Structure formats: C-alpha cells, structure tokens
Amino acid sequence: MQAVGQCSVCASRAAGGLLRNQTDLSLLRNNKNGLMRGAACIRFISSMKPGVQKLGERIDSEQLSVAPLRAGRGLHATPFAQQLENLSHDSLIRRAASVVTDSSSTFLSQTSLALINALADYSKAVHMRIAVQRRYLAALGKLTPAEKDSFLEVINGQRAKASDRLHECKRIELTWINAVNLCKMAAEAAHSSGAEQASITVGTNIQVAQSQVGEARKLSADAEKKLAETKVEEIQRMAEYTAFIENGEEHEVHEAYLRED
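Everything numeric in this text was worked out from a predicted model, so none of it was measured. (Residues numbered from 1 in each chain as written. Predicted model: local features only at pLDDT ≥ 70, side-chain atom pairs only at ≥ 80, totals over all residues. Heavy atoms only, no water.)

**Student:** How should the overall build of the protein be read in this particular structure?
**Tutor:** Check the secondary structure of the protein and you find seven helices and zero strands. Of all 261 residues assigned to the protein, the portion counted as buried reaches 22%. Within the protein, contacts between residues separated by at least 24 positions form 80% of all contacts whose residues are at least 6 apart in sequence. Per element, the accessible surface of the protein, about 18700 Å² overall, is 58% carbon and sulfur. (Helix = DSSP H or I, 4+ residues; strand = E, 2+ residues; numbered from the N terminus. Buried < 20%, exposed > 50% of the residue type's maximum accessible area, 1.4 Å probe, protein only. Contact = heavy atoms within 4.5 Å. Areas by Shrake-Rupley, 256 points an atom, 1.4 Å probe, with all protein chains shown as cover.)

Here it is in structure tokens:
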C-alpha cells in the first residue's frame, strides 16, 4: 500500500511537471528527476495484476484458519462418539431407572412434608376446640345468655375448622399413598434392571417417610383421643347441669307452695 501511494504521488508530480513543460522549458529541466521517478512508478504499477495476488492470499489465510478449527472439532467429537457407541442398552436402562427413582423420591418427600404439616394443623385445631370446650364446661351455670352464645359460637367455629383440617389430611394422604406406591414400583424396576444402589436408596426413603408420617399420625390420634374424652366430660357435665336446673325449679315450686299455705 505504501509503494502504491508513493507511486501515485510520483505520477501526479510527473504529470504536473509535463504540463508546466509546455509553458516553460526550464521547469522541465528542474523536474527531470521527478519525471524519472514517475516513469519508474508507472512501469511498476503496470506490471502488477490488481486483486489477483491479494485475493489469493486472503483465500489461503481463510483456509488455513478454518482447517485447525475443523481438525479440532474432529478431535473433540471422536471420544464423545466412542462413548455413545460404548453405552449398551442395559446401561441406558439402569440410568433411566436411576432417574425414575430420583423423581419418585422427590415426589414422596414433597407429599410427606405436605401430609405432616396437614396433620399438625389438624392436631392444633382439635386442641383449640378442646381448650375452648373445657372452658365452657367449667363456666357452665355461671354464664349470662350472651356469654353462653359467644362460647357456643367459638366452639362451633373450632369444630368447623377441625373438620376442614381433617378433610385436607385425607385428601393429601391419598396423594401420599400414591407416592409410596410409585416409589415401590420404581424400586422394583431399579432392582430388576441392575441399579441396586438406586433401589436401596428409594427403599430407605420410603421407610423414612413412613416413619415421619407415622409420628404425625400419632399426634393427631392423641388429639382425637382427648377430644373424645372431652365429649364424654361434656355429656356428664350437661347431665349434672340439667339435673341441677330441674332440682332448682322443683325447690322453687315447693317453697312457693309453702308460702301459699
């Protein structure tokens, strides 16, 4: 590029010198050196074939730059292809069985957590109902009609809340049972396909889930047992209160009869 630029400059100087030579011959003598340089540059430019050599060089450089990339891809692709060819159907089945056991274990853990929380909420609602009902029984006979209505309203609200919590427990429990059965099937499939470690792992997960859910069920069963005891106390207390009211009325009637006499 520098040579071409210098030649263009020389050519322009030479052309200018020729124009001035038409008007002044003395200027031609002064520009003799410039004319010689311009002629040399023109001969050099005319001997070149523009674009051919440069284009060839560019194509060669692109080919050289692409070749290592293709070679590199081939080197990296060959081991991976060999690995895929080395995988047998049995190994692929074992890997698929491991994926199934992992997903079924995740399903089981999520449903177990949901069921445990639902059982805890149900137990809490039952204990709240028991506490309110016992307070009502302890204050029976001492309450005003407004206070009695307020207590009964709270008791009915806690009864409805506990019923909703129990319904939620039964709904989630069905999903949890399905998750346990799915894990059992996944464990059997893993065992039959040769994925022994995956089968053992999912079996352990089933045992842990059943143990945790069993503890939550015990707490809810204890709450239901206390609720049943509270209902028995309520029946006894209401019978005593009714008898007390009847005796009080009879006593008041007897006193009124004596006063009339």
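**Student:** Please explain the confidence of the model for the protein as it appears in this structure.
**Tutor:** The predicted coordinates should not be examined in detail at positions where pLDDT is low. The predicted model of the protein has a mean per-residue pLDDT of 74, with 62% of residues at 70 or higher. Within the protein, the lowest mean pLDDT, 44, falls on helix α4 (residues 52-86), and the highest, 94, falls on helix α6 (residues 145-193). A low-confidence stretch, residues 1-28 (pLDDT under 50), is modelled with 18 contacts involving residues beyond four sequence positions or located in other chains. Here residues 48-78 scores under 50 on pLDDT; set against residues more than four positions off or in separate chains, the count is zero contacts. (pLDDT = per-residue confidence, 0-100.)

**Student:** Sorry, what's going on with the environment of Val208 here?
**Tutor:** For Val208, the position within the fold is in helix α7 (residues 196-260). When its relative accessible area of 42% is taken as the criterion, Val208 is described as partly exposed. Each C-alpha atom of the pair Val208 and Ser112 lies 9.7 Å from the other, and the pair is 96 residues apart in sequence.

**Student:** Even after reading the chapter, I still don't get α6, so can you show me in this structure?
**Tutor:** Along an α-helix, residues three or four apart share an orientation, since each turn contains 3.6 residues. Taking 1.5 Å per residue as the helical rise, α6 with its 49 residues ought to reach 72 Å, and the 72 Å between its terminal C-alpha atoms agrees with that figure. Once α6 finishes, Gly194 follows within two positions and takes phi at roughly 100°, a positive value. (Expected span 1.5 Å × (residues − 1).)

**Student:** Sorry, what's going on with the packing of aromatic side chains here?
**Tutor:** For any two aromatic rings, the description comes down to two numbers: the centre-to-centre distance and the angle of the planes. Counting across every chain of the model gives one aromatic pair. Considering the side-chain rings of Tyr136 and Phe151, the 6.0 Å spacing of their centres and the 45° angle between planes classify their relative orientation as tilted. Taken as a pair, Tyr136 in helix α5 (residues 89-138) and Phe151 in helix α6 lie far apart in primary sequence, 15 residues in all. Here Tyr136 falls in the buried class, since its relative accessible area comes to 5%. Exposure remark for Phe151: the relative accessible area of 17% places this residue in the buried category. (Phe/Tyr/Trp six-rings, centres within 6.5 Å; stacked < 30°, edge-to-face > 60°.)

**Student:** Quick question: what am I supposed to make of the environment of Asn156 here?
**Tutor:** Relative to the helices and strands, Asn156 resides in helix α6. Here the alpha-carbon distance between Asn156 and Gln133, two residues 23 residues apart in the chain, equals 9.7 Å.

**Student:** What exactly am I supposed to notice about the pattern of salt bridges here?
**Tutor:** Once their charged atoms are close, side chains differing in charge can pair, the charge on each being opposite to the other. Applying the stated rule across the entire model yields three salt bridges. As a salt-bridge pair, Glu168 and Arg171 come within 2.6 Å of each other at their nearest N and O atoms. With a gap of three residues between them, Glu168 and Arg171 both fall in helix α6, about one helical turn apart. Residue Glu168 is classed as partly exposed on the basis of its relative accessible area of 31%. Exposure remark for Arg171: the relative accessible area of 45% places this residue in the partly exposed category. (Salt bridge = Lys/Arg side-chain N within 4 Å of Asp/Glu carboxyl O.)

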